[in-house]
Amino acid sequence: MKKNKVVIVGTGMVGMSYAYSMLNQGTCEELVLIDLDKKRAEGEAIDLNHGLSFAPRKMKIYAGDYSDCKDAYLICITAGAIQNEGETRLDLLHKNTKIMRSIINEIKKSGFNGILLIATNPVDIMTYVAWKLSGYDKSKVIGSGTTLDSARLRYTLSERLDVNPKDINAYVMGEHGDSQFVAWSYAFSGVQPIYQIASRKDSKINFSDLEEIEDEVRNIAYKIIECKKSTYYGIGMALTRITKAVLDNENSVLTVSSYLNGEYNQDDVYIAVPSIVNKDGVREVIHLALENTEKEKLDNSIEIMKENISKLDI
Ligand SMILES: NC(=O)C1=CN([C@@H]2O[C@H](COP(=O)(O)OP(=O)(O)OC[C@H]3O[C@@H](n4cnc5c(N)ncnc54)[C@H](O)[C@@H]3O)[C@@H](O)[C@H]2O)C=CC1
Ligand SMILES: CC(=O)C(=O)O
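Residues numbered from 1 in each chain as written. Chains lettered and ligands numbered in written order. Predicted model: local features only at pLDDT ≥ 70, side-chain atom pairs only at ≥ 80, totals over all residues.

Draft legend 1. Up close: the site of ligand 2. Near ligand 2 you find Arg89, Asn121, Leu148, Ala221, Thr231 and Ile235, and these make up its full shell. Among the residues forming the shell around ligand 2, the class breakdown is three nonpolar, two polar and one charged. (Near = placed C-beta within 6 Å. Nonpolar A, V, L, I, M, F, W, Y, C, P; charged D, E, K, R; others polar.)

Structure representation (structure tokens):
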């Protein structure tokens, strides 16, 4: 296995935003692009290569096929249908399960033995599907989960509080979808709990603002889709962040879709919870002592995931 080789399956808007972000950050040494539309992947590879003189490191970028998966360290699947205006991510369930099945079959045939990162929606369920069909280790199959939503939350809070988003430690948990929620009891601006900030009379935010922010973060993808049909830069950078955590063996805390095996008193489901990510994938699921209402929201998300999984023939 090559330690710095990444394959992207799906060179649409999400796949290419991810590739462009990795090129700009110098995240890997070798990058392979695979798509059903081979010509598209070929054109994207040529275009990216023309940016190499401006990139922070040398990279080998080319359009390939599934035989290139064999020695890759990480494969990210970004192939799949997108939501039409008004559709939820869950509306993509059957279409994208079919696509996922065909891709996983090919990846398995290649002899791949690395980390599988899923972005295709509905991402928590697609991660479960990828795991189930591949038979790979639970910890080596990861979904992007609410990494993007947590970044949206950090940005929104940073704007309201006028604090660098990097200093906001706050997490969106549960489904990457309509039932997601913010774990406010674990949200901090620097060293200050957000609850404490919201309870101060002279504060920039109050408790009703927190509800508004949570709602905004939950629904912002719908607004982007209404404005420009799909979202891709944010997820491209979120996927780069996760990839870096794996390739650099970072042990970083990210809200990826992780397999629950007793944590939060739940099992046999992938859902977004803070997890420690390193070279082995998810090293550890962090089991937070959530407030009762937060735990109910997590359970609700999990119920929705399980109900939808039960509709699938996998
Ligand atoms: N997890 C997250 O936070 C986010 C997930 N997404 C999801 O990412 C997925 C991709 O979105 P976009 O890139 O905008 O779509 P897109 O339509 O721009 O690209 C999809 C690509 O997948 C390819 N493809 C389809 N079936 C394939 C197969 N069997 N094998 C190989 N390639 C195949 C298509 O040829 C196309 O190039 C969607 O499901 C979308 O909902 C989008 C944004 C955020
Ligand atoms: C489309 C999508 O899943 C997002 O932007 O959150």
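Text resumes after the structure shown.
Draft legend 2. A look at the UniProt feature "binding site: substrate" (unreviewed entry) in the protein chain. Following the UniProt record, the feature "binding site: substrate" (unreviewed entry) maps to Gln83, Arg89, Asn121, Pro122, Val123, Asp124, Asp149, Ser150, Ala151, Arg152 and Thr231 here. Mapped onto the fold, Asn121 is located in the loop between strand S5 (115-118) and helix H4 (123-134). Classification of Asn121 as buried rests on a count of 28 C-beta atoms within 10 Å. Within the fold, Thr231 resides in the loop between helix H7 (207-228) and helix H8 (233-247). Judged by the 21 C-beta atoms lying within 10 Å of it, Thr231 falls in the buried class. Setting aside anything within four residues of it in sequence, one finds Thr231 in contact with Ala221, Ile224 and Ile225. (UniProt positions renumbered as here; feature names shortened; annotations may be inferred. Helix = DSSP H or I, 4+ residues; strand = E, 2+ residues; numbered from the N terminus. Buried ≥ 20, exposed ≤ 12 C-beta atoms within 10 Å, placed from the backbone. Contact = placed C-beta atoms within 7 Å.)

Draft legend 3. Region of interest: the site of ligand 1. By nearness alone, 33 residues border ligand 1, and Gly12, Val14, Ala79, Gly80 and Asn121 come closest of all. Mapped onto the shell around ligand 1, the elements with two or more residues apiece are helix H1 (13-25) and helix H3 (93-110). The biggest single contributor to the shell around ligand 1 is H3, with four residues. Of the residues belonging to the shell around ligand 1, the class tally is 15 nonpolar, 15 polar and three charged. Residues lining the shell around ligand 1 come from more than one domain, with at least three contributed by each of domain 1 (5-143) and domain 2 (147-309). (Domains from an automatic or database assignment.)

Draft legend 4. Representation of the domain arrangement of the protein chain. Examined at the domain level, the protein chain breaks down into domain 1 (5-143) and domain 2 (147-309). Once you take the C-alpha centre of each, domain 1 and domain 2 turn out to be 23 Å apart. The interface is formed by 36 residues belonging to domain 1 together with 33 residues belonging to domain 2. If you list the elements that add at least two residues to the side of domain 1 that touches domain 2, you get H1, strand S4 (74-77), S5, H4 and strand S6 (141-143). Ranked by the residues each element gives to the side of domain 1 that touches domain 2, the list is headed by H1, at eight residues. Split into classes, the residues belonging to the side of domain 1 that touches domain 2 amount to 22 nonpolar, nine polar and five charged.

Draft legend 5. Broad picture of the sheet that holds strand S16 (residues 281-285). Across the sheet, which stays open at both edges, the three strands sit in the order S12-S15-S16 with antiparallel pairing between neighbours. Of all strands in the sheet, those with a lone pairing partner are strand S12 (252-254) and S16, marking the two edges. Pairs of neighbouring strands in the sheet enclose a mean axial angle of 40 degrees, with direction left out of account. Packed on one face of the sheet, H8 meets S12, strand S15 (275-278) and S16 and runs near 65 degrees to S15. (Pairing = 2+ DSSP bridges. Axes fitted to C-alpha atoms, helices over the stretch in contact; angles between N-to-C directions.)

Draft legend 6. Main features of the sheet that holds strand S7 (residues 168-169). In space, the three strands of this open sheet follow the order S7-S10-S11, with antiparallel pairing throughout. Two strands close off the open sheet at either side, each with one partner strand: S7 and strand S11 (192-193). In this structure, S7 lies alongside strand S10 (residues 188-189), joined through two bridges in antiparallel fashion. Across the sheet, the residue bridging to Ile168 is Ser189, located in S10.

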